[in-house]
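These are the residues of each chain, in order.
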Amino acid sequence: MKKILVIDFGSQYTQLIARRLRELCVYSEVCPWDELPKLDEVEGFILSGGPESSNIEGNPTIHEDIFSTKKPILGICYGMQVLSFQEGGKVINEGKKEFGHAELNVMSESNIFENIVTTIDVWMSHGDKVDSLPQGYEITASSSNSPIAAFQNQEKKYYGLQFHPEVTHTKYGIEIIKNFVDICGVEQNWNASDILKQIEELVSNEVKEDNVLLALSGGVDSTVLAAVLYKIIGDKLTCVMVDHGLLRKNEAKNVVQNLKEKIGLTVNLVNAEDTFLTKLSGVTEPETKRKIIGNTFIEVFENESKKLESINWLAQGTIYPDVIESAGNSKTKAKVIKSHHNVGGLPERMDLKLLEPFRMLFKDEVRKIGKAIGLPHEIVERHPFPGPGLGIRIIGEVNHERLERLREADHIFLSELKKQDLYYSASQAFAFYLPIKSVGVVGDNRVYADVIGLRSVNTTDFMTAKATALPHEFVEHVSTRIVNEIDGISRVVYDITSKPPATIEWE
């Protein structure tokens, strides 16, 4: 299949580049800079950003095989710098970083900016910059901080962009990437049916007649995966859901009931709340909490699996953002943002082969698959919920009292969103717990109690996001309900920070 290859230099946005290409219905793959696949069907290359400096010996470089193909190249941020450096240009670091919005001025005609206005709001995130161009290159755009913010070699069809067209903060970003696709001459060849066909071939070729155990969280990814696997292998699939006591109100009950009624699947539900809360007692550091929850999940799941016979494979609903935010590709120098408990761990502890059919997919692609196989709207469009659950939505120590307060606050928020027909207009909404004291007045009494935060975001890829502009009257109504109905809460706040610089979750 004809494709565009994304070369990963360690950027947190690498998979987002692939996501944009797939949004254009063009097949793309991501590979480490030092581990190239066969390039026979590659029609173009996009070089990702990265945290390193391109002019330091030993840092990631562009493989000579890429240049040998004589196919178009688009370098983004670090990718632009390393392309310039290896072609004979100069890259410098003046100590002037450029992070956030910038105004790009297009200075000359370029296929990469075809049918796009000459002044563009873009997203920058860099310290180094190109100081002088290689022979045969010309400047095509500049910003106030970067005189060379874009360049090209029309003859070679090599292009460089200092900004990130893949993030939603860059206006016309998708159009810029579409222009590069046109330069490569790749036609649309990727949709939900293509993805399903590939997954069916993978499962049929790898699993064959073996039995599969699925670690089910009840979220969109694992639920859709359960349905897909059930259609392919039927009763050879066994689902186990570990209730770690960190789920939302009535979560476990609803998940098990929905899967039985809507899909026909029976789920083995394991109640392990006491085990998890005991191990989390006194722990406040976010990454430590995630690891405790992940490790405990492995222990509980491993013990449950021993009760089952003739299981050969472990299936997980791991998706691309899980992998990239855990720096799952050891070949790159990506920085860990947060650990995901479903990335690694279990296969090493259990004598099972790992099956992760969604590992190369983004959440919106998973939803498309769910719709394609006929899953109901309430399952496919359900807001995502993190594996560590409310454990990472309680800032500080996790205990039973805080869990109960947060469960009720979250239930009030989500039920009101649904009641006011706002739930599906947001991509993800939730309440979180702030263990900071704030003075308040309840009735005639002065109280000094904890704070509940509310967050709602809109996104297509969950790699970038903006806060939902919920009506003020609605937020005020939810706040009033929470303070009035939940003891020990004196104040409610609403988080309006976008991603980046924040993440969607607080921990």
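Here, every reference points to the structure presented above.
Residues numbered from 1 in each chain as written. Predicted model: local features only at pLDDT ≥ 70, side-chain atom pairs only at ≥ 80, totals over all residues. Heavy atoms only, no water.

Draft legend 1. The arrangement of the nonpolar core in detail. Core analysis: the largest hydrophobic core is formed by 86 residues, its most contacted members being Val212, Leu216, Phe358, Ile369, Leu417, Ile452 and Ile482. No other element matches the 8 residues that helix 6 (residues 220–233) contributes to this core. The contacts of Leu216, once residues within four sequence positions are left out, are Ser222, Thr223, Ala226, Cys239, Val240, Met241, Val242, Val255, Leu259 and Val267. Of all hydrophobic cores here, the second largest spans 41 residues; its members include Trp123, Met124, Val181 and Ile183. (Core = buried A, V, L, I, M, F, W, Y, C linked by side-chain atoms within 4.5 Å. Buried < 20%, exposed > 50% of the residue type's maximum accessible area, 1.4 Å probe, protein only. Helix = DSSP H or I, 4+ residues; strand = E, 2+ residues; numbered from the N terminus. Contact = heavy atoms within 4.5 Å.)

Draft legend 2. Representation of the sheet that holds strand 15 (residues 313–315) within the structure. Sheet architecture is open: 5 strands sit in the order 14-13-12-15-16, paired in parallel fashion. Each edge of the open sheet carries a strand with a single partner, namely strand 14 (267–271) and strand 16 (353–355). Shown here is a sheet whose adjacent strand axes are inclined to one another by a mean of 25°, direction ignored. Relative to strand 16, strand 15 runs parallel, the two being bridged by 3 bridges. Bridging across to strand 16, Leu314 finds its partner in Leu354. Against the sheet, helix 9 (residues 286–305) makes contact with strand 12 (212–215), strand 13 (237–243), strand 14 and strand 15, and its axis sits at roughly 150° relative to strand 12, the strand it touches most. (Pairing = 2+ DSSP bridges. Axes fitted to C-alpha atoms, helices over the stretch in contact; angles between N-to-C directions.)

Draft legend 3. Representation of the packing of aromatic side chains in the model. This structure, assessed with the given rule, holds 9 aromatic pairs. Where Tyr27 meets Trp190, the ring centres are 4.9 Å apart and the plane angle is 50°; that geometry is what we call tilted. With Tyr27 in the loop between helix 1 (14–23) and strand 2 (28–32) and Trp190 in the loop between helix 4 (173–184) and helix 5 (192–206), this residue pair connects regions lying 163 residues apart in the sequence. The residues Tyr27 and Trp190 share a single accessibility class, namely buried. Every member of this aromatic cluster is reached through a ring pair, and the members are Phe430, Phe432 and Trp506. The ring of Phe430 carries the charged tip of Arg393 above its face, separated from the ring centre by 3.9 Å. (Phe/Tyr/Trp six-rings, centres within 6.5 Å; stacked < 30°, edge-to-face > 60°. Lys NZ or Arg CZ within 6 Å of the ring centre and 35° of its normal.)

Draft legend 4. Layout of the layout of surface pockets. Approximately 530 Å³ is the volume found for the second largest pocket. As for the second largest pocket, its lining consists of 23 residues, and the residues nearest its centre are Glu251, Asn254, Arg382, Lys418 and Tyr423. Taken together, the elements giving at least two residues each to the lining of the second largest pocket come down to helix 6, helix 7 (251–263), helix 13 (377–380) and helix 14 (400–419). Ranked by residue count, the leading element in the lining of the second largest pocket is helix 14, at 6 residues. Along the lines of polarity and charge, the residues of the lining of the second largest pocket split into 7 nonpolar, 8 polar and 8 charged. (1 Å grid on protein atoms, 1.4 Å probe; cavity = no way out; pocket = protein on both sides within 12 Å on 5 of 7 lines; lining within 4 Å. Points joined across faces, edges and corners; volume = space filled by probe spheres on them. Nonpolar A, V, L, I, M, F, W, Y, C, P; charged D, E, K, R; others polar.)

Draft legend 5. Quick look at unusual backbone geometry. Residue Pro500 is reached from Lys499 by a cis peptide bond, and omega for that bond is -15°. You can see Pro500 is positioned in the segment after strand 20 (489–495). Put simply, Pro500 and Pro501 share a cis peptide bond, and its omega is 15°. Within the secondary structure, Pro501 is located in the segment after strand 20. Of note in this structure, Lys157 is not a glycine but carries a positive phi near 65°. Note that Lys157 resides in the loop between strand 10 (150–153) and strand 11 (158–161).

Draft legend 6. View of the state of the cysteines. Taken as a whole, this structure holds 0 disulfides when the rule is applied. Unpaired in terms of disulfides, Cys77 finds its nearest cysteine sulfur in Cys31, a separation of 18 Å. Take Cys184: it sits in no disulfide, and the sulfur closest to it among the cysteines is that of Cys31, at 15 Å. (Disulfide = S-S within 2.5 Å.)

Draft legend 7. Quick peek at helix 12 (residues 363–372). Within helix 12, 7 of the 10 residues are buried, which leaves the element mostly enclosed by the surrounding structure. Lys363, Asp364, Glu365, Val366, Arg367, Ile369 and Gly370 are the residues of helix 12 that are buried. The elements touched by buried residues of helix 12 are helix 1, helix 5, helix 6 and helix 13.

Draft legend 8. Broad picture of the packing of helix 1 against helix 4. Two elements in contact, helix 1 and helix 4, have axes whose closest approach is 10 Å; the angle formed by their N-to-C orientations is 75°. One finds that helix 1 runs roughly perpendicular with respect to helix 4. Of the residues in helix 4, those in contact with Arg20, Leu21 and Glu23 of helix 1 are Ile174, Ile177 and Val181. Broken down by class, the residue content of the contact of helix 1 with helix 4 amounts to 4 nonpolar, no polar and 2 charged. (Parallel < 35°, antiparallel > 145°, perpendicular 65-115°, else oblique.)

Draft legend 9. Examining the environment of Gly173 more closely. Here Gly173 shows up in helix 4. Sequence separation between Gly173 and Lys253 is 80 residues, and the spatial gap between their C-alpha atoms is 43 Å.

Draft legend 10. The arrangement of the pattern of salt bridges in detail. Following the criterion strictly, the structure yields 28 salt bridges and no others. Here Glu23 ties to Arg19 by a salt bridge, and the two come within 3.3 Å at their closest N and O atoms. On the criterion of helical spacing, the pair formed by Glu23 and Arg19 is a turn pair, its members being 4 residues apart in helix 1. Residue classification places Glu23 among the partly exposed residues on the basis of a relative accessible area of 34%. (Salt bridge = Lys/Arg side-chain N within 4 Å of Asp/Glu carboxyl O.)

Draft legend 11. Up close: the packing of helix 14 against helix 15 (residues 472–485). Running from N to C, helix 14 and helix 15 cross one another at 145°; their axes reach a closest spacing of 10 Å. You can see that helix 14 and helix 15 cross each other, and the crossing is right-handed. In contact with Ala409, Ile412, Phe413, Ser415, Glu416 and Leu417 of helix 14, helix 15 contributes Phe474, His477, Val478, Arg481, Ile482 and Glu485. Residues of the contact of helix 14 with helix 15, tallied by class, amount to 7 nonpolar, 2 polar and 3 charged. (Left-handed = near helix turned anticlockwise from the far one by under 90°.)

Draft legend 12. Broad picture of the pairing of strand 11. Taking every second residue as pointing to the same face, both faces of strand 11 are buried, with Tyr158 and Gly160 on one and Tyr159 and Leu161 on the other. Across 4 bridges, the pairing between strand 4 (residues 73–76) and strand 11 is parallel. Within strand 11, the residue paired with Leu74 across the bridge is Tyr159.

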